[in-house]
Structure formats: structure tokens, C-alpha cells
Amino acid sequence: EAGVTQFPSHSVIEKGQTVTLRCDPISGHDNLYWYRRVMGKEIKFLLHFVKESKQDESGMPNNRFLAERTGGTYSTLKVQPAELEDSGVYFCASSQEAPWTAGPGNEQFFGPGTRLTVL
Amino acid sequence: KQEVTQIPAALSVPEGENLVLNCSFTDSAIYNLQWFRQDPGKGLTSLLLIQSSQREQTSGRLNASLDKSSGRSTLYIAASQPGDSATYLCACSIYNQGGKLIFGQGTELSVKP
């Protein structure tokens, strides 16, 4: 079974440009999460999709970030325009169930991440 | 606001030693707690998931315990090997705060041959 995949693995862009990150969750996982780690800090939550709906987007830093999950399969995270402080590693994770359904299905599986550098 | 703390930040041990990694959290109203391992430049690998109703989980040489009343979890690694060298992260999800995981900063483990 394929794990969570992310594309690209690395992206280097100039300040003011646009970047789109893609995440393909594990097949059949309705829950998809985006997280980010900036230099020297802990990993922080950005948002949570259940199928194609945004369940929680409380971690999105500002309106330069736009996440979509059309059709409830893969997801994209667009940063437009990118700023220097957006540099970091963006992780995607998926789970079969949400945490409030007690059981092994709420385990989150992470992708390898996309390292974004904004110059 | 939930805070997750991992101590120590770094640990170096000789091969073969049994060791314990610590994770503490301030809000005991959690759905579950996960332990992850991260190798340099790689993603996170889930090691163990402990549900709120459970006290411990085991997988091979790894054993994770959960004590909600004291806000603590420990990851026990038996007979450590150089291949166990990595950063270990704990994270928990909180009641009524959706599905997001709150992460600690991690413990960087080095096992010397």
C-alpha cells in the first residue's frame, strides 16, 4: 500500500512568487491534514480536511495561504504571494478516521514533506 | 492552550542500553497520543498510537505508556541499536479542538556503537 506522497520534495522561489504544493493521501483516507515546521520550531498544524470539506483551518497563518481538496482525493496548498517567513518544511498527513472516533483508524500517517525556501 | 514538552532535547547512549524518552502535556483532555520518529531530511514515521482509554502500547522493542492524570507519556526503547538514532517526537490531539496534533520539539537520540 502506497503511503502519503508529496510533490515537490524541494522548492526554491523568490519572494512575491506563487508556489503550489501537492499531497496525495493514502487511498481511502477521508482525513487530510497540513502541518508546517519552520526553522527551530515545533511542527504546527495548518488545516484539516474531511473529504472535500475544511473541518478546521484555524492554523492557516493568513489569507496568502489557500488549500483545496477537490473531489476529496489529493490536496493542494498554494502560497501567493510567498514571503520570506513562509520558508520551512510543509508536511501532509492522512488518517482513515478522525481522532474523536476512538480506534486505530485515527492514526495519522505523514508524507516526506516539501522543503520550501523563499529567497 | 495545550503545550507539549519533550525532555531531554538530545540524548546520547551506548549501544545496548535501555532508555526512556519523556513527553509531558498540560491538558489531560486528549483523544490520543502518537509517538513518531524522524530521520534527517525525511518525513515522520508513526511508531505507536495510544488512545485516551489505553495505558500503554507495545511494538517490538518499543513500549509507550500514557498517564493522563499526570500529563505524561514515556517511550521506552529496549536494547538500543545505532539504527535507532533519530529524532523522536510526541504529539497529542485534544478534545473539542478537531483532529489536529500538537507536537513537542522532539528528542534527538544518538546511539553509539
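It should be noted that the structure appears before, not after, this text.
Worth saying up front: this structure is predicted, and the values here are computed from it rather than measured. (Residues numbered from 1 in each chain as written. Chains lettered and ligands numbered in written order. Predicted model: local features only at pLDDT ≥ 70, side-chain atom pairs only at ≥ 80, totals over all residues. Heavy atoms only, no water.)

What to know about the pairing of strand 2 (residues 10-13) of chain A
All names here are of chain A. For clarity, the cut-off: For the exposure calls, accessible area comes from a 1.4 Å probe over protein chains only, and a residue counts as buried if that area is under 20% of its type's maximum, exposed if over 50%, partly exposed in between. Numbered from the N terminus, helices here are DSSP runs of H or I no shorter than four residues, and strands are runs of E no shorter than two. Strand pairing is assigned whenever DSSP detects at least two bridges linking the two strands.
Burial along strand 2 is one-sided: the residues Ser 11 and Ile 13 are buried and none of His 10 and Val 12 is. Taken together, the 4 bridges between strand 2 and strand 11 (residues 114-118) define a ladder with parallel strand orientation. By the bridge assignment for strand 11, Ser 11 is matched with Leu 116.

Here's the deal with the pattern of salt bridges
A side chain of one charge can pair with a side chain of the opposite charge if their charged atoms are brought near each other. Residue and element names in this part refer to chain A. What counts here: Whenever a carboxyl oxygen of Asp or Glu lies within 4 Å of a side-chain nitrogen of Lys or Arg, that contact is scored as a salt bridge.
Taken as a whole and judged by the stated rule, the model has 8 salt bridges over all chains. Note that Lys 15 and Glu 83 form a salt bridge whose closest N and O atoms lie 3.9 Å from each other. Here the residue Lys 15 occupies a position in the loop between strand 2 and strand 3 (19-24), and Glu 83 occupies one in the loop between strand 8 (75-79) and strand 9 (88-95), the gap between them amounting to 68 residues. Between Glu 57 and Lys 54 there is a salt bridge; the shortest N-O distance is 4.0 Å. In this structure, a network of salt bridges that share partners links the residues Arg 64, Glu 85 and Asp 86.

Overview of the packing of aromatic side chains
Heads up, the rule is: Two aromatic rings from Phe, Tyr or Trp, using only the six-membered ring of Trp, form a pair when their centres are within 6.5 Å; if the ring planes differ by under 30 degrees the pair is stacked, by over 60 it is edge-to-face, and anything between is tilted.
Under the defined criterion, the tally for this structure stands at 9 aromatic pairs over all chains. Here the aromatic rings of Phe110(A) and Phe103(B) are separated by 5.9 Å at their centres, their planes lie at 90°, and the arrangement is edge-to-face. Linking Phe110(A) in strand 10 (residues 109-110) with Phe103(B) in strand 10 (residues 101-103), this pair reaches from one chain into another. The same class applies to Phe110(A) as to Phe103(B), namely buried. An aromatic cluster is built from Tyr33(A), Tyr35(A), Phe45(A), Phe91(A), Phe110(A), Phe36(B) and Phe103(B), whose rings are joined through pairwise contacts.

Side note on the sheet that holds strand 7 (residues 65-68) of chain A
All names here are of chain A. This is how the line gets drawn: Working convention: axes come from line fits to C-alpha atoms, limited for helices to the stretch in contact. Angles between N-to-C directions cover 0 to 180 degrees.
Pairing in this open sheet of 4 strands is antiparallel, and the strands run 1-3-8-7 from one edge to the other. Of all strands in the sheet, those bounded by a partner on one side alone are strand 1 (5-7) and strand 7. For this sheet the average axis-to-axis angle between neighbouring strands, irrespective of direction, equals 15°. Alignment of strand 7 against strand 8, held across 4 bridges, turns out to be antiparallel. Note that in strand 8 the partner of Leu 66 across the bridge is Lys 78.

Observations concerning the nonpolar core
What tends to happen in soluble globular proteins is that the nonpolar side chains get buried as a cluster. Worth spelling out the cut-off: Only buried Ala, Val, Leu, Ile, Met, Phe, Trp, Tyr and Cys residues count toward a nonpolar core, and they belong to the same one when joined by side-chain atoms within 4.5 Å.
Ranked by size, the top nonpolar core spans 25 residues in total, and within it Leu33(B), Trp35(B), Leu75(B), Ile77(B) and Tyr88(B) carry the most contacts. Counting residues per element, this core draws most heavily on strand 9 (residues 86-94) of chain B, which supplies 5 residues. Membership of the second largest hydrophobic core comes to 21 residues, among which are Ile13(A), Val19(A), Ile26(A) and Leu46(A).

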